[in-house]
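Examining the three-dimensional arrangement
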Amino acid sequence: MPGKRRVGILMEVFNDRASRPEKTPRYAVLDFDGTISLIREGWQQIMTPYFTDELYNTPRGREMPYEEVELICREFITRTTGIQTIYQCIRLAELITEYGGTPQDPQAYKDEYSRRLLKKIDDRLNGLENGSIDPETLTVPGSYALLEMLLSHGVTLYLASGTDEEHVKNEARLLRVDRFFGPHIYGAQREYRTFSKKLVIERILTRNNISGAELIGFGDGYVEIENVREAGGFAIGAATNEHDRMGVDEWKRERLISAGANIIVPDFRNIGALEAQLF
Ligand SMILES: [Mg+2]
């Protein structure tokens, strides 16, 4: 089984795309959830059944096997991983209409999803806040070493997340990674059109007057990998098995490769190899 064979791999490169950045990286944009933070680990297991139930409960949905509706939801959630949550909810509402149902306001789906997710992660947030949980255990392995390594090369770091900005800032503080990013921590806004990862990347390039070749990006989602590649940057896909904090998540890996990731890593434990590849 291919999955087994890849357990323990350090880094994966591909013949059909560059395996090293074109120029020395000067700016890096990093996704938060699933790339650095594991506080929200398991969000897919909250969103997928919730969205599946909503889509199944439509005239066309009820005529299909539940598993088929579930696969449709899982696919579109994966395809939109990294985008603001509200857009995933807008897509759900569109699907419900296509299936002959009457959707709620997308914001209502977002509120309900957030309520369910916060219930799941409440213990983690409290544990971090009161010191009973070691922050390192809720990060992708090697995250601190990665951030330190990038800073040591003079790379300016940007954090860009599809999660609401106030939550990203709070969770970055709880994990003690906020110090690496200074003022450059960005997340979703109520006025959701005013933020996107693509916009963050465009601003990095224009304000610093650099080309995409000097940009690298790290992410576990389709969106940031595509955005970085489209801007001419070099994309590192983190296919971390978030639940086990060990090995590769095959589902993520395949989709990160199709999104255009230049290289795939299981996590950042093998920081020396990654450093040699990037600099
Ligand atoms: Mg992510």
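Along each chain, residue indices are assigned from 1 in the same order as the chain's sequence is written. Given that the model is predicted, a residue must reach a pLDDT of at least 70 before its local features are reported, and side-chain atom pairs must reach 80 or more before they are shown or counted; all residues, however, enter totals for whole chains, interfaces and linings.

1. Considering the overall build of the protein chain
The helix and strand inventory of the protein chain stands at twelve helices and seven strands. Radius of gyration: over C-alpha atoms. The globule rule applied is 2.2 Å multiplied by the number of residues raised to the 0.38 power. Relative to a compact globule of 279 residues, whose C-alpha radius of gyration would be 19 Å, the protein chain shows 19 Å and is just as compact. Taken along its principal axes, the extent of the C-alpha atoms in the protein chain is 55 × 45 × 40 Å. Residue burial here comes from a neighbour count, namely the number of other C-beta atoms, placed from the backbone, that lie within 10 Å of the residue's own C-beta, with 20 or more meaning buried, 12 or fewer meaning exposed, and in between meaning partly exposed. For the protein chain, buried positions account for 42% of its 279 residues. Elements are defined by DSSP. Helices are runs of H or I of four residues or more, strands are runs of E of two residues or more, and each kind is numbered from the N terminus.

2. Some points on the packing of helix H4 (residues 85–98) against helix H5 (residues 106–130)
Packing of H4 against H5 brings their axes to within 8 Å, and their N-to-C directions diverge by 120°. For the element pair H4 / H5, the angle class is oblique. In this structure, H4 crosses over H5, and the sense of that crossing is right-handed. Of H5, the residues touching H4 (which contributes Thr85, Ile86, Cys89, Ile90, Leu92 and Ala93) are Pro106, Gln107, Tyr109, Lys110 and Tyr113. When its residues are assigned to classes, the contact of H4 with H5 shows eight nonpolar, two polar and one charged. The angle between two axes is taken between their N-to-C directions and runs from 0 to 180 degrees, where each axis is a line fitted to C-alpha atoms and a helix contributes only its stretch in contact. Our angle categories are set so that under 35 degrees counts as roughly parallel, over 145 as roughly antiparallel, 65 to 115 as roughly perpendicular, and the remainder as oblique. Note on convention: the crossing is left-handed when the near helix lies turned anticlockwise from the far helix by less than a right angle, right-handed when the turn is clockwise. This entry defines residue contacts through backbone-placed C-beta atoms, with two residues in contact when those atoms are within 7 Å. Note on residue categories: nonpolar means Ala, Val, Leu, Ile, Met, Phe, Trp, Tyr, Cys or Pro, charged means Asp, Glu, Lys or Arg, and polar means any other residue, Gly included.

3. Here we look at the nonpolar core
Within soluble globular proteins, side chains that are nonpolar generally end up buried alongside one another. A set of buried Ala, Val, Leu, Ile, Met, Phe, Trp, Tyr and Cys residues, joined through C-beta atoms within 7 Å, is what we mean by a nonpolar core. Membership of the largest hydrophobic core comes to 52 residues, with the highest contact counts inside it found for Ala28, Val29, Tyr158, Leu159, Ile236 and Ala261. Filtering out sequence-adjacent residues up to four positions away, Ala28 remains in contact with Leu150, Val155, Leu157, Tyr158, Ile216, Gly217 and Phe218. Of all hydrophobic cores here, the second largest spans 14 residues; its members include Leu55, Tyr56, Leu92 and Leu95.

4. Topic: helix H10 (residues 222–230)
With seven of nine residues buried, H10 lies mostly within the body of the structure. When we look at burial in H10, the residues that qualify are Tyr222, Val223, Glu224, Ile225, Glu226, Asn227 and Val228. Each element contacted by the buried residues of H10 is listed here: strand S2 (27–30), helix H3 (66–79), helix H9 (197–207), strand S5 (215–219), strand S6 (234–238) and helix H11 (250–259). Gly232 lies just past H10 and shows a positive phi near 90°.

5. Brief notes about the domain arrangement of the protein chain
Where a domain begins and ends is set by an automatic assignment or by a domain database. Partitioning the protein chain into structural domains gives domain 1 (2–38 + 139–278) and domain 2 (43–130). Centre-to-centre, using C-alpha coordinates, domain 1 lies 24 Å away from domain 2. Contact residues are listed per partner, giving 14 residues for domain 1 and twelve residues for domain 2. Within the residue set of the side of domain 1 that touches domain 2, elements represented by two or more residues are strand S3 (156–164) and H10. Top element by residues in the side of domain 1 that touches domain 2 is H10. It accounts for three residues.

6. Some thoughts on the sheet that holds S2
Strands are labelled as partners when DSSP assigns at least two bridges between them. With mixed pairing, the seven strands of this open sheet are ordered in space as S1-S7-S6-S5-S2-S3-S4. The open sheet has two free edges, formed respectively by strand S1 (12–13) and strand S4 (185–188), since each of these has just one partner strand. Across four bridges, S2 lies against S5 in parallel orientation. Within the sheet, the bridge partner assigned to Ala28 lies in S5 and is Ile216.

7. A closer look at the environment of Thr81
Summarising the element assignment, Thr81 is placed in the loop between H3 and H4. On the neighbour-count criterion, Thr81 (26 C-beta atoms within 10 Å) is buried. For Thr81, the contacting residues outside a window of four places in its chain are Gly221, Tyr222 and Val223.

8. Describing the confidence of the model for the protein chain
The share of residues in the protein chain with pLDDT of 70 or more is 97%, and the mean pLDDT across the chain is 94. Confidence scores labelled pLDDT are given residue by residue by the predictor and lie between 0 and 100. Between residues 1–7, whose pLDDT stays under 50, and residues either more than four places distant or in other chains, the model counts four contacts.

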